[in-house]
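The primary structure of each chain is shown beneath.
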Amino acid sequence: MFSVPAKAILALADGTVFTGVSIGAAGQTVGEVVFNTAITGYQEILTDPSYRQQIVTLTYPHIGNYGVNDDDVESDAVHAAGLIIKDLPLLASNFRAQLTLSEYLQREGTVAIAGIDTRKLTRILRARGSQNGAIIGLGQGQEVTEALKAQAVAAAKSAPSMAGQDLAKVVSTKQPYVWTQTEWQLAREDGTPGYGELTTPRFHVVAYDFGVKKNILRMLAERGCKVTVVPAQTPASEVLRHNPDGIFLSNGPGDPEPCDYAIAAARELIETGIPIFGICLGHQIMALASGAKTFKMPHGHHGANHPVKDLDNGRVSITSQNHGFAVEMESLPANLRPTHISLFDGTLQGLERTDRPAFCFQGHPEASPGPHDIAYLFDRFIRMMEPKG
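Throughout, residues of each chain are indexed from 1 in the direction in which the sequence is written. Totals for whole chains, interfaces and linings use all residues, but because this is a predicted model, local features are given only for residues with pLDDT of at least 70 and pairs of side-chain atoms are given and counted only at 80 or more. Excluded from the side-chain calculation are hydrogens and water; included are all heavy atoms of the structure.

Glancing now at the overall build of the chain. Check the secondary structure of the chain and you find ten helices and 19 strands. Principal-axis analysis of the C-alpha atoms places the extent of the chain at approximately 70 × 55 × 40 Å. A buried classification covers 58% of the 389 residues belonging to the chain. Two residues qualify as a contact provided that any one of their heavy atoms is within 4.5 Å of a heavy atom in the partner residue. Within the chain, contacts between residues at least 6 apart in sequence are counted, and of these 75% link residues at least 24 apart. Using a 1.4 Å probe, accessible areas were evaluated by the Shrake-Rupley method; residue-level cover was limited to the displayed protein chains. Carbon and sulfur atoms make up 51% of the accessible area of the chain, which totals about 15800 Å². Charged side chains in the chain number 33 positive and 40 negative. The centres of these two groups are separated by 4 Å. To qualify as a helix, a DSSP run of H or I must reach at least 4 residues; to qualify as a strand, a run of E must reach at least 2; elements of each kind are numbered from the N terminus. Only protein chains enter the accessibility calculation, which uses a 1.4 Å probe; a residue is then buried when its area is under 20% of its type maximum, exposed when over 50%, and partly exposed in between. None of His or the chain ends enter the tally, which takes Lys and Arg as positive and Asp and Glu as negative. To locate a charge, the coordinates of NZ of Lys, CZ of Arg, CG of Asp or CD of Glu are taken.

Here you go:
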């Protein structure tokens, strides 16, 4: 006999209220409500540090049908402030599954709601822009009341704005560590699935952790890079003591402008002539370090189906995106050249320094979740580190 599911409330700062069922932990959470158009990858999205202080709405209606496993986490914790979906399937089936999505959310203490009209919610966010919201997951048998709805609206209105928040140093590692794990394969040499291990590195890359995803590090290791991951606030002098072949500026959450420590370090490191590759927040930090400006987008880019055009060859790639800030095209200095643009709205997606071996990309080229179209940027980074002559 099935028990009656607990109820939940979602409220937006503009006063809009939805009621549904609780599929995660009981309690209250607040954050910026954004929508993500990916069809798969809910576990990777939840554990992506770039979603810190954001409540994620997944526009695909059926979420959770293949469960959750220990291998597909992109960090060691759920960073999303909450989850909103339309429908949670009754059954989860996959040979790798270890828990259902609901079991996982409850174990991680993540508040989540299902059974609401996510199409309506997405239209609101598209028309009015991302805004703060609150989810209240009620206890078993607890009823939705007008007082609880008012509590949710008040919590949404009082939540802090994402603009002006430095979250990179919040999610970053506290201590440096070395990464050598390579990409997951369905069948490795012994015939079993799993990750590999880099044994003979060709390059040494120092990666700034502004909220780095594990699969980014795996893609670097797969290409022969031993990666030393350092905290977000590591000064340039400490990075140079590692004598790296290349420097990587990772993805991360929040507003790039308050990350003055990262901007200063990137500016100093770019001038050394060591090859540098930045993505997402790292892209924005490289732009700011070079003299450009950034701005808060109305609803950002979140999903795994975003078309991006390479301005050098006209190639169009379908990409994974997760960002609420972007670089102003009009603010680019003479030594910063645009290389990619979004075909959704024309915003900048890639940049290259014309006077130094440094380039960056706004999306998430590690394809976890998402397509592999833009992985060629990792190969470009490797070629930059190859011995010259």
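That was the structure; now back to the text.
By convention a nonpolar core is built from buried Ala, Val, Leu, Ile, Met, Phe, Trp, Tyr and Cys residues, the set being connected through side-chain atoms within 4.5 Å. With 34 residues, the main nonpolar core has Y208, F210, I247, L249, I276, I285 and L351 as its most contacted residues. Broken down by secondary-structure element, the contributors of at least two residues to this core are strand 11 (203–209), helix 7 (236–240), strand 13 (246–249), helix 8 (260–271), helix 9 (281–289), strand 18 (348–353) and strand 19 (358–361). Of the residues forming this core, the biggest block, seven residues, is contributed by helix 8. With residues up to four places along the chain from it excluded, the contact list for I285 reads F210, C259, A262, I263 and A266. Counting 29 residues, the second-largest nonpolar core is a separate cluster that includes A207, L217, F378 and M384.

All right, on to the sheet that holds strand 3 (residues 27–36) then. The strand order around the closed barrel built from seven strands is 1-2-6-5-4-3-7, with neighbouring strands paired in mixed fashion. Along the sheet, successive strands turn relative to each other by an average axial angle of 35°, direction set aside. Here, any two strands with at least 2 DSSP bridges between them count as paired. Of the pairings in the sheet, the one linking strand 3 to strand 4 (residues 54–58) comprises five bridges and is parallel in character. Looking at the pairing, F35 lines up with T57 of strand 4. Note on geometry: axes are C-alpha line fits, over the in-contact stretch for helices, and angles between N-to-C directions span 0 to 180 degrees.

The sheet built from ten strands is open, its strands ordered 8-12-11-13-14-19-18-17-15-16 with mixed pairing. Two strands in the sheet have a free side with no partner beyond their single neighbour: strand 8 (177–179) and strand 16 (316–327). Each neighbouring strand pair of the sheet contributes to a mean axis angle of 25°, computed without reference to strand direction. Two elements, strand 11 and strand 12 (residues 225–231), share seven bridges in a ladder whose sense is parallel. Looking at strand 12, one finds that V206 is bridged to T228. Contacting strand 13, strand 14 (276–279), strand 15 (294–310), strand 16, strand 17 (336–342), strand 18 and strand 19, helix 9 runs over the sheet at an angle of about 120° to strand 14.

Below, the discussion takes up the pairing of strand 14. The side-chain alternation of strand 14 yields two buried faces, one formed by I276 and G278 and the other by F277 and I279. For strand 13 and strand 14, the ladder comprises three bridges, and the chain directions are parallel. Looking across to strand 14, one finds that F248 is bridged to F277. By definition, the crossover connecting two strands over a helix is right-handed if that path, from the first strand to the second, turns clockwise as seen with the strands pointing away from the viewer. On the question of chirality, the crossover connecting strand 13 to the parallel strand 14 by way of helix 8 is right-handed. Across four bridges, strand 14 lies against strand 19 in parallel orientation. By the bridge assignment, I276 is partnered in strand 19 with A358.

Moving on to the packing of helix 8 against helix 9. A pair of packed helices is captured by two measures, namely the crossing angle of their axes and the spacing between those axes. Two elements in contact, helix 8 and helix 9, have axes whose closest approach is 8 Å; the angle formed by their N-to-C orientations is 70°. Considering their axes alone, helix 8 and helix 9 lie roughly perpendicular with respect to each other. On helix 9, the residues touching A262, I263, A266, R267 and I270 of helix 8 are I285, M286, L288 and A289. With respect to orientation, any angle under 35 degrees is reported as roughly parallel, any angle over 145 as roughly antiparallel, any angle of 65 to 115 as roughly perpendicular, and every other angle as oblique.

Relative to the helices and strands, E222 is located in helix 6 (residues 214–222). Measuring from C-alpha to C-alpha, the distance between E222 and C259 comes to 30 Å, with 37 residues separating the pair along the chain. Contacts of E222, omitting those with residues within four sequence positions, involve T182, E183 and Q185.

Another aspect to go through is the packing of aromatic side chains. Between rings of Phe, Tyr and Trp, where Trp is taken as its six-membered ring, a pair exists when centres lie within 6.5 Å; planes separated by under 30 degrees are stacked, by over 60 edge-to-face, and by other angles tilted. By the definition in use, this model includes six aromatic pairs. Look at Y208 and F210: their rings are 5.5 Å apart centre to centre, the planes differ by 15°, and that puts the pair in the stacked class. Per residue, the accessibility class of Y208 equals that of F210, and both read buried. Ring geometry for F277 against F381: centres 5.6 Å apart, planes inclined by 50°, an arrangement best described as tilted. Taken together, the positions of F277 in strand 14 and F381 in helix 10 (residues 376–385) put the pair 104 residues apart, joining distant regions of the chain. Residue F277 is classed as buried on the basis of its relative accessible area, which comes to 0%.

One can expect most non-glycine residues to show negative phi and most peptide bonds to be in trans. Positive phi is not limited to glycine here, since N243 has a value of about 50°. Checked against the element boundaries, N243 lands in the loop between helix 7 and strand 13. The exposure class assigned to N243 is exposed, which follows from its relative accessible area of 64%. Of note in this structure, C280 is not a glycine but carries a positive phi near 55°.

Salt bridge, as applied in this entry: a Lys or Arg side-chain nitrogen positioned within 4 Å of an Asp or Glu carboxyl oxygen. Counted by the stated rule, this structure contains 19 salt bridges. A salt bridge links K169 to D166; the nearest nitrogen and oxygen atoms lie 3.8 Å apart. The class of K169 is partly exposed, set by a relative accessible area of 37%. Two residues, E271 and R356, come together in a salt bridge whose shortest N-O distance is 2.8 Å. Here the residue E271 occupies a position in helix 8, and R356 occupies one in the loop between strand 18 and strand 19, the gap between them amounting to 85 residues. Using a relative accessible area of 27% as the deciding quantity, one classes R356 as partly exposed. Counted as one network, the salt bridges with shared partners bring together E271, R353, D355 and R356.

In short, shape yes, function no, at least from these values alone.
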